[in-house]
Amino acid sequence: MDIKVLLLLPAILLVSMQLRIPFSQAATIGISATLLPACNAGTTTSGSTSFGTLNFGNYASLTSAINATSAQLAGSIRVNCVNGLTYKIVMDGGSSGMVTARRMVNTTNSALTLQYNLYTTAARTTVWDNVTGVSGTGNGADQWSTVYGRVPAQTTPGAGVYQDTVNVTVSW
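In this text, all values refer to a predicted model and were calculated from it rather than measured experimentally.

What about the overall build of the protein chain?
Next up, step 1: Looking only at helices and strands, the protein chain features one helix and 14 strands.
Next up, step 2: Considering the protein chain as a whole, with its 172 residues, one finds that 29% of them fall into the buried category.
Next up, step 3: Put simply, of all contacts in the protein chain between residues at least 6 apart along the chain, 73% involve residues at least 24 apart.

Brief notes about the sheet that holds strand S10 (residues 134-137)
Next up, step 1: Sheet architecture is open: three strands sit in the order S10-S6-S14, paired in antiparallel fashion. The open sheet is flanked by S10 and strand S14 (168-171), the only strands paired with a single partner. Direction aside, neighbouring strands of the sheet carry axes that sit 20° apart on average.
Next up, step 2: Bridge analysis of strand S6 (residues 86-91) against S14 gives four bridges, and the strand direction is antiparallel. Among the inter-strand pairings, Met91 is bridged to a residue of S14, identified as Val168.

Thoughts on the nonpolar core
Next up, step 1: In terms of nonpolar packing, the biggest core is built from 23 residues, with Phe56, Ile77 and Val151 touching the most fellow members.
Next up, step 2: Those elements that provide at least two residues to this core are strand S4 (66-69), strand S5 (77-81) and S6.
Next up, step 3: Setting aside residues up to four positions removed in sequence, Phe56 forms contacts with Ile66, Asn67, Ala68, Met104, Tyr116, Gly149, Arg150 and Val151.

Structural notes on the packing of aromatic side chains
Next up, step 1: Applying the stated criterion to the full structure yields one aromatic pair.
Next up, step 2: Between the aromatic rings of Phe56 and Tyr116, the centroid separation amounts to 6.3 Å while the plane-to-plane angle is 65°, which identifies the pairing as edge-to-face. With Phe56 in the loop between strand S3 (48-50) and S4 and Tyr116 in the loop between strand S8 (113-115) and strand S9 (117-119), this residue pair connects regions lying 60 residues apart in the sequence.

Notes on the state of the cysteines
Next up, step 1: In the structure shown here, the tally under the stated rule is one disulfide.
Next up, step 2: The disulfide partner of Cys39 is Cys81, and the S-S distance across this bridge is 1.8 Å. Its S-S torsion of approximately 110° makes the covalent link between Cys39 and Cys81 right-handed. Note that Cys39 is positioned in strand S1 (residues 39-41) and Cys81 in strand S5, a separation of 42 residues in sequence.

Here's the deal with the sheet that holds S4
Next up, step 1: Spatially, the three strands line up as an open sheet ordered S4-S12-S9, and their pairing is antiparallel. The two strands at the open ends of the sheet, each matched to only one other strand, are S4 and S9. Between one strand axis and the next, the sheet turns by 25° as a mean value, whatever way the strands run.
Next up, step 2: Judged from the four bridges that link them, S4 and strand S12 (residues 148-151) form a sheet pairing that is antiparallel. Following the sheet pairing, Ala68 is matched in S12 by Gly149.

The rules behind each value
Sequence positions are assigned chain by chain, starting from 1 and proceeding in written order. For this predicted model, a pLDDT threshold of at least 70 governs which residues receive local features, and a threshold of 80 or more governs which side-chain atom pairs are given and counted, while totals over whole chains, interfaces and linings are taken from all residues. For side-chain calculations, the full set of non-hydrogen atoms in the structure is used, while hydrogens and water are omitted. Secondary structure elements follow DSSP: runs of H or I no shorter than four residues count as helices, runs of E no shorter than two count as strands, and numbering proceeds from the N terminus. The classification of residues rests on relative accessible area computed with a 1.4 Å probe and restricted to protein chains. Under 20% of the type maximum is buried, over 50% is exposed, and intermediate values are partly exposed. Should any heavy atoms of two residues lie within 4.5 Å, those residues are considered in contact. Strand pairing follows a simple DSSP-based rule, namely that at least 2 bridges must link the two strands. Comment: axis = line fitted to C-alpha atoms, over the contacting stretch for helices; angle = value between 0 and 180 degrees taken between N-to-C directions. Nonpolar cores were defined as sets of buried Ala, Val, Leu, Ile, Met, Phe, Trp, Tyr and Cys residues, with membership established by side-chain atoms within 4.5 Å. Working definition: rings of Phe, Tyr and Trp (its six-membered ring) pair if their centres are within 6.5 Å, and the pair is stacked with planes under 30 degrees apart, edge-to-face with planes over 60 apart, and tilted otherwise. Note on terminology: pairs of cysteine sulfur atoms within 2.5 Å are recorded as disulfides.

Here you go:
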């Protein structure tokens, strides 16, 4: 055997071994995601979620009814649910505990109260309650529900700031 062939033999063996060792390999990876039925509501500031304040304004007399209509970040209810998910918004009776007889309380004299109520329509014929409420279907974007308020004509209580806090529950 020629010496040149012997010298080439290790190189030939190395090349033939490399041909048998794969340089790449293909495989698959599974991809999965689960979208849970979920909603979020309100605006969270400093750890507290709120819909803002429905403000009836300033008045010297309550001889006539006073109406107020919410706006975004000022009493309107913001709900954002995944597409196709139905939800319901209900409200409690606030400090009175009764949805049919809500009242604001004077901030310096809790014996003084101011009657008011919240409604689901501009006609103010259906009280926004804690059972039926308002229902909707999510579309993946913010949806705003307007709150219509009314302070009925009543004997004007003492001057001062009157407030109430109503708990809003969004369920799906």
